[in-house]
Amino acid sequence: MKSAETPLHRVQGMGSSHTGTKHFWRERVTALALAPLSLWFLYVMMGMVGASVVTPAQYFQNAFNGALMAAFVSFSLYHAGLGLQVVIDDYVHTSGTKIFSLLVIRGALLACWIVSIFSIMRIAIS
Amino acid sequence: MAETPQRPVAHARPLSPHMTIYRWPVTMMTSITHRFTGIGLSIGAVVLAWWLAAVSNGLDGGYGTFMEVAETPLGQLILFGITWSLCYHFFSGLRHLAWDLGYGFDKRVSERNSVLIFALSILSAIAIFALVWTGHAGYLQ
């Protein structure tokens, strides 16, 4: 059967998904950034076990430490958004439910990010 | 053309193996566990946001409440779960990156690494909590 694809659509090579490797690639890049950041995060969290509120407050007032925490939170939540999207793509097959689930998940992750970043900045300037 | 009446064949066809029939290979376990720990870490991100907000609010503004909840048995169990999830997702994620570079697809290597990832993640999580409970953590105070 003769293809109904336009020549442009064919050379773009995206098929019916309309997108290519962007999602896959971003998942890997954030993973690569998170590998060392996770080790740093574990080191910091263990170092603060049983501490009063002064320890974390002073620690994140240091611009370097605060920035690393902001990076860890941001990469983590972005990576989580990509990963949870795959779970939705795999198991939710009706477009209405899919859009709704993605909106709820991304909304929750965004809320998490706003609270985290606002708190880190508030600690930094306090 | 000879008359050969169609006979119902559905009952005679071999049934495709389903989840309950498969012996679960260990690589299947690592795959599903990677996904579950990822979901667990998403919940962990909520706990982290809560902790950061509590720190920024100070001792009277919620840090005390966070610590009280964290020190209950349920709180410790949840923190252990998040810790193990992070360890597992870390080791399993490194293997995913190695796969992306084309390494580790051999069946035996893959099965050995799966066992290794489970072992390493459980040992790391236990080691972290052992250090905490024996007073070897808290070094940033």
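Up top you'll find the structure we're talking about.
Residues numbered from 1 in each chain as written. Chains lettered and ligands numbered in written order. Predicted model: local features only at pLDDT ≥ 70, side-chain atom pairs only at ≥ 80, totals over all residues. Heavy atoms only, no water.

(A) Broad picture of the packing of aromatic side chains. Residue and element names in this part refer to chain B. Scanning the entire structure with this criterion turns up 11 aromatic pairs over all chains. Considering the side-chain rings of Tyr88 and Phe118, the 5.3 Å spacing of their centres and the 50° angle between planes classify their relative orientation as tilted. Placement of the pair is Tyr88 in helix H3 (residues 73-100) and Phe118 in helix H4 (residues 107-133), with a sequence separation of 30 residues. The pair formed by Tyr88 and Phe118 is uniform in burial state, with each residue classed as buried. Geometrically, the ring pair formed by Phe129 and Trp133 is edge-to-face, given 5.5 Å between the ring centres and 85° between the ring planes. In this pair, Phe129 and Trp133 both sit in helix H4, 4 residues apart, roughly one turn of the helix. (Phe/Tyr/Trp six-rings, centres within 6.5 Å; stacked < 30°, edge-to-face > 60°. Helix = DSSP H or I, 4+ residues; strand = E, 2+ residues; numbered from the N terminus. Buried < 20%, exposed > 50% of the residue type's maximum accessible area, 1.4 Å probe, protein only.)

(B) The arrangement of the interface of chain B and chain A in detail. Every contact between the two is made by 32 residues of chain B and, on the other side, 43 residues of chain A. Summing the contributions of chain B and of chain A, the shared interface buries around 3100 Å²; its carbon and sulfur component is 75%. Taken as a group, Arg35, Leu52 and Leu140 of chain B account for 20% of the area that chain B buries against chain A, more than any other trio of residues on that side. For Arg35 of chain B, the salt bridge goes to Asp90 of chain A, with nearest N and O atoms at 2.8 Å. Those elements that provide at least two residues to the side of chain B that touches chain A are helix H1 (26-57), helix H2 (59-71), H3 and H4 of chain B. Considering each element in turn, the side of chain B that touches chain A owes the most residues, 13 residues, to H1 of chain B. In terms of residue class, the side of chain B that touches chain A is built from 22 nonpolar, 8 polar and 2 charged. (Contact = heavy atoms within 4.5 Å. Buried area = accessible area lost by both parts, 1.4 Å probe. Salt bridge = Lys/Arg side-chain N within 4 Å of Asp/Glu carboxyl O. Nonpolar A, V, L, I, M, F, W, Y, C, P; charged D, E, K, R; others polar.)

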